[in-house]
Every structure is written in structure tokens, then in C-alpha cells.
Amino acid sequence: MNFNKDNRLLKKLFFLKLIGYKFIDKNFLSISNYHDYNNIDELNREVKKCSLCSLRNSSKGVTAGIGNENSKIMFILFSKKNDSYENNSKKFLENAIKNSLNLDIKEIYISSLLRCEISQSDDKSPILSRSIELCRPYLFEEIRLIKPKIIVTLGEKAFMHLYPNLLLKGGFSSIRGSILKNENSLILPTFSPEWISKNPSFENIFIDDLRKIKGVI
């Protein structure tokens, strides 16, 4: 018996249970070379050859985290979309980071829960729930490797699928913009750039949310 490997697996399963997950797809346990990855490059190689769900068949590409791997700030999107909204959202996020934190987007680290790029139609597909379950372990490994001091979840879906244990009775709106504590990181849930692009009147609120990061790093 490989005690260290089994012990790490039990710890991760216990952690997932603590933060609210009641079901883990059986394929999660058979991800090739499941272990603590040594670095981001090693993790990304594993992600690129992943074929655990059918979303990969319709996706135009696989996304990896980008930016400064030593950053204390990690932004997490729900997904990246291969359409015009993605370009607009990226530009908006870049400007918001500059205006609120006086940082270049390359100075922070940005990742996403879903690793396959999706279209607007994929966003409503019933297969997404399965894909989310299978992608989450990769993201938690990435968080472990980056070791951010604060994680900014961009949008309700990103937050709900990652930290359901932190949700209050008032729903997402009751905790949006709050600094929450989870394990070794702080969590700041806020709007997604895509949502802001459709609701521009909330742009200043979004920027005010990001400014709160300065007080904790």
C-alpha cells in the first residue's frame, strides 16, 4: 500500500466533503497519475490530455491558467467562451484590474473552473454538471500550487460551484463583495466580466469590490 498517496487522497476527499460536495464522479478517482502535481506545467500537461467528459469533443480548445504564478491574487472564471463576449470581457477585466489595483493583468493569476472553451449554447448543456465535477479537482490542485492569499471568484456560477459552504441564506447577493475565509485563502465573490458587459451600470460596484483586495494583501 502506498500510504502517502492514499493519505493525500483521503485528505482531499475529506476536504471536498467539508466544503459541501456530496458526490464525486467515479472518474475523478481514476484521473491518470492522480497525485499532488509538482508544478503548474505538470498539471497543465495532464489537463491537455484529459478526455473524461464529452465536452472535450465540442470544444475548440483547452484553457490553462495564465499570469504570474507567484501572485498573491488569483481570479477564477466559471469558463472561457469562444465568442465575441470573451474578447469584450477580457478587455474589461484588464481595465478593471488596472483601475482598481494599479496592476497589469499579467501581474496576477487567472484561471477557470471549466477547462474546455465553451460556446453560448454549451453554457446551457446538461453535460456541464458532469464536466464541472471532473474539472474541479484540477482547479483545486492549481490553487494549491499557486497558494494565493486571496481568490476572486468572478460570477455567481464560479462561486456556487467552488465554495457552496460559504453561501449564506440571502444567496449570492448577500455575500458578493465580502471577504470570506476558506482554508488558507480569502475569498472575494463578485460579478463576472461577462455579466458586467451586459449590465454596465454595475461597473463601479465591481471596481469597488476589487479595491478591497488592497486591504488584505
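What counts, and at which threshold
- Residues numbered from 1 in each chain as written.
- Predicted model: local features only at pLDDT ≥ 70, side-chain atom pairs only at ≥ 80, totals over all residues.
- Heavy atoms only, no water.
- Salt bridge = Lys/Arg side-chain N within 4 Å of Asp/Glu carboxyl O.
- Helix = DSSP H or I, 4+ residues; strand = E, 2+ residues; numbered from the N terminus.
- 1 Å grid on protein atoms, 1.4 Å probe; cavity = no way out; pocket = protein on both sides within 12 Å on 5 of 7 lines; lining within 4 Å.
- Points joined across faces, edges and corners; volume = space filled by probe spheres on them.
- Nonpolar A, V, L, I, M, F, W, Y, C, P; charged D, E, K, R; others polar.
- Axes fitted to C-alpha atoms, helices over the stretch in contact; angles between N-to-C directions.
- Parallel < 35°, antiparallel > 145°, perpendicular 65-115°, else oblique.
- Contact = heavy atoms within 4.5 Å.
- Phe/Tyr/Trp six-rings, centres within 6.5 Å; stacked < 30°, edge-to-face > 60°.
- Buried < 20%, exposed > 50% of the residue type's maximum accessible area, 1.4 Å probe, protein only.
- Arc of directions from axis to C-beta.
- Pairing = 2+ DSSP bridges.

- As annotated in an unreviewed UniProt entry, the protein chain carries the name Uracil-DNA glycosylase and comes from Campylobacter concisus.

## Here's the deal with the pattern of salt bridges
And then number 1: For the structure on display, the rule yields eight salt bridges.
And then number 2: Across the salt bridge formed by Arg144 and Glu141, the nearest N and O atoms sit 3.5 Å from each other. Highlighted residues: Arg144 and Glu141, both in helix α5 (residues 128-146), separated by three residues, approximately one helical turn.
And then number 3: Taken together, the salt bridges that share partners define one network made up of Arg176, Asp209 and Lys212.

## Some remarks on empty space enclosed by the protein
And then number 1: Taken as a whole, this structure holds two cavities of 30 Å³ or more when the rule is applied.
And then number 2: As a volume, the largest cavity reaches approximately 100 Å³.
And then number 3: Along its surface, the largest cavity is lined by Val47, Cys50, Ser51, Leu52, Cys53, Arg56, Val62, Arg115, Cys116, Leu134, Cys135 and Tyr138.
And then number 4: Residues of the lining of the largest cavity, tallied by class, amount to nine nonpolar, one polar and two charged.

## Overview of the packing of helix α2 (residues 40-48) against α5
And then number 1: The geometry of α2 relative to α5 is characterised by a closest axis approach of 10 Å and an angle of 170° between their N-to-C directions. By the angle between their directions, the pair α2 and α5 is classed as roughly antiparallel. Together, Ile40, Leu43, Glu46 and Val47 of α2 and Tyr138, Glu141, Glu142, Leu145 and Ile146 of α5 make up the contact between the two elements.
And then number 2: Its residues assigned to classes, the contact of α2 with α5 shows six nonpolar, no polar and three charged.

## Brief notes about the packing of aromatic side chains
And then number 1: With the rule as written, the count across this model stands at six aromatic pairs.
And then number 2: Ring centres of Phe92 and Phe206 lie 5.4 Å apart, and the angle between their planes is 40°; this geometry places the pair in the tilted category. Residue Phe92 is located in helix α4 (residues 84-101), and its partner Phe206 is located in helix α9 (residues 203-211); the two are separated by 114 residues in the primary sequence. Exposure class is identical for Phe92 and Phe206. Each is buried.
And then number 3: Both rings, one in Phe191 and one in Trp195, keep their centres 4.7 Å apart while their planes meet at 10°; by these two values the pair is stacked.
And then number 4: Looking at Trp195, the relative accessible area reads 33%, which means it is partly exposed.
And then number 5: The structure contains a cluster of three or more aromatic residues connected by ring pairs, namely Phe159, Tyr163 and Phe172.

## What to know about α9
And then number 1: Considered for burial, the residues of α9 that qualify are Phe206, Ile207, Asp209 and Leu210. Projection of α9 onto a plane perpendicular to its axis shows the buried side chains occupying an angular sector of 155°, all on one side.

## Some words on the sheet that holds strand β2 (residues 73-77)
And then number 1: Read across the open sheet, the six strands follow the order β1-β3-β2-β4-β6-β5; overall the sheet is mixed. Among the strands making up the open sheet, the edge pair consists of β1 (66-67) and β5 (180-182).
And then number 2: Of the pairings in the sheet, the one linking strand β4 (residues 150-154) to strand β6 (residues 185-190) comprises five bridges and is parallel in character. Within β6, the residue paired with Thr153 across the bridge is Pro189.
And then number 3: Sheet contacts for α9: β2, β4 and β6; angle to β6, the most-contacted strand, approximately 175°.

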